[in-house]
Amino acid sequence: MAMTLIKRKTRITAKRVAEIIGCSEKTIYNGGAGTDGLTRIRNGRRQVRFILEEVIALVERQERQAQQKHAGKYE
């Protein structure tokens, strides 16, 4: 049995990305809300998938930035 070094990445739909981030599905397709840097995986001509781990990292980064801005207001 061959051992692979590639980690399995979870693919999710734009609808699921929108639910996680808190915006519309159309915003995701247009690359809005900071999603323009996410990897887009095409399954056929129309179907697009995103990598869950990248989406989670994006949300965490956005939360950190929001907390830093918020903390700076009251110093």
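Residues numbered from 1 in each chain as written. Predicted model: local features only at pLDDT ≥ 70, side-chain atom pairs only at ≥ 80, totals over all residues. Heavy atoms only, no water.

1. Digging into the confidence of the model for the chain
The condition that has to hold: Note on scores: pLDDT gives the predictor's confidence for each residue, bounded by 0 and 100. Where helices and strands are cited, they refer to DSSP runs of H or I of at least four residues and of E of at least two residues respectively, numbered from the N terminus.
Looking at the chain, pLDDT values average 89 and 87% of them are 70 or higher. Looking over the chain, one finds the lowest element-wise mean pLDDT in helix α3 (residues 52-73), namely 89, and the highest in helix α1 (residues 14-21), namely 97.

2. Focus on α1
Because an α-helix packs 3.6 residues into every turn, residues spaced three or four apart end up facing the same way. Applicable threshold: Three labels apply to residues, based on accessible area from a 1.4 Å probe with only protein chains included: buried if under 20% of the type maximum, exposed if over 50%, partly exposed otherwise in between. Summarising the geometry, the arc corresponds to the directions from the helix axis toward the C-beta atoms.
For α1, the set of buried residues is A14, V17, A18 and I21. End-on view of α1: buried residues confined to an arc of 100°, all on one side of the axis. One or two steps after α1, the chain reaches G22, where phi turns positive at roughly 95°.

3. Side note on unusual backbone geometry
Phi at A33 takes a positive value of approximately 55°, unusual for a residue other than glycine. Looking at the element boundaries, A33 is found in the loop between α2 (25-29) and β2 (41-43). Look at A33 and you get partly exposed, because its relative accessible area is 37%.

4. With respect to the pattern of salt bridges
Note that side chains of opposite charge can pair when their charged atoms are close. Where we set the bar: One speaks of a salt bridge when a side-chain nitrogen belonging to Lys or Arg is within 4 Å of a carboxyl oxygen belonging to Asp or Glu.
For the structure on display, the rule yields one salt bridge. E19 serves as the salt-bridge partner of R16, at 3.3 Å between the closest nitrogen and oxygen. You can see R16 and its partner E19 sitting in helix α1, three residues apart, about one turn around the helix. For R16, a relative accessible area of 41% corresponds to the partly exposed category.

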